[in-house]
Amino acid sequence: AQSVTQPDIHITVSEGASLELRCNYSYGATPYLFWYVQSPGQGLQLLLKYFSGDTLVQGIKGFEAEFKRSQSSFNLRKPSVHWRDAAEYFCAVFAISNFGNEKLTFGTGTRLTIIP
Amino acid sequence: DAGITQSPRHKVTETGTPVTLRCHQTENHRYMYWYRQDPGHGLRLIHYSYGVKDTDKGEVSDGYSVSRSKTEDFLLTLESATSSQTSVYFCAISASTGGGNYGYTFGSGTRLTVV
């Protein structure tokens, strides 16, 4: 069965600093990978996704992520964070179930705090 | 989010009572999902549907049932609510066109408190 690990529960960075959120996955086949962001009291919004091809994926809000098959990782990065980036971030892997239907498996999330 | 609405947004109920949460979509997507979100657990899949009257269990389905009698509505029922079911519940939809967009669209959530 597929699984996703986000090793950092909470990260604090200064506004303007660079950011990297870690994500490791376990999946037997080629994974489809996603990053979602959740602002307080809101639902989840898709930041970016990786299906195939270029391993560096660009997303919304200035985020990017790099797929590294050898490390089973899909880390999220941003060169300079803004106070509005404070939120919770979820990595997810897509898999086909036993019935041939798709579903997403989520990591436990990383909460990002931005300090002035 | 546009195209998907959850009701109610907040609910407080007593232990032992049945509760039904509703997810309504206007996107005509085939797939619909119910997740619960709890601190330290992220989002966990409760049930999902891959078509009208076609549903399957997720990883935390005990104590929950679902129904989908038409494309646009997916109902989640707690047969007899327990305090462990206090959570935020999210509905999601997906077109799943087999090679197209695999992203999900999420509703704004229902905060359920069982007292």
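This text goes with the structure placed above it.
Residues numbered from 1 in each chain as written. Chains lettered and ligands numbered in written order. Predicted model: local features only at pLDDT ≥ 70, side-chain atom pairs only at ≥ 80, totals over all residues. Heavy atoms only, no water.

**Some words on the state of the cysteines**
Thinking step 1. Scanning all chains against the criterion turns up two disulfides over all chains.
Thinking step 2. Here A:Cys23 pairs with A:Cys91 through a disulfide, and the sulfurs are 2.0 Å apart. In this structure, the disulfide formed by A:Cys23 and A:Cys91 twists by about -65° around the S-S bond and is classed as left-handed. Of this pair, A:Cys23 sits in the loop between β3 (19-21) and β4 (24-26) while A:Cys91 sits in strand β10 (residues 87-96), and the two are 68 residues apart along the sequence. Taken individually, A:Cys23 and A:Cys91 each receive the classification buried, so the pair is uniform in this respect.
Thinking step 3. Two residues share a disulfide in this structure: B:Cys23 and B:Cys91, whose sulfurs sit 1.9 Å from each other. Measuring the twist about the S-S bond at about -75°, one finds the B:Cys23-B:Cys91 disulfide to be left-handed. With B:Cys23 in strand β3 (residues 19-25) and B:Cys91 in strand β9 (residues 87-94), this pair connects stretches of sequence that are 68 residues apart. For the residue pair B:Cys23 and B:Cys91, the accessibility class agrees, reading buried in each case. (Disulfide = S-S within 2.5 Å. Helix = DSSP H or I, 4+ residues; strand = E, 2+ residues; numbered from the N terminus. Buried < 20%, exposed > 50% of the residue type's maximum accessible area, 1.4 Å probe, protein only.)

**Describing unusual backbone geometry**
Thinking step 1. Cis geometry is found at the peptide bond from B:Ser7 to B:Pro8, where omega equals -5°.
Thinking step 2. Along the chain, B:Pro8 falls in the loop between β1 (4-7) and β2 (10-13).
Thinking step 3. At A:Ser72, a residue that is not glycine, the phi angle is positive and equals roughly 50°.
Thinking step 4. For A:Ser72, the location among the structural elements is in the loop between β8 (64-68) and β9 (73-78).

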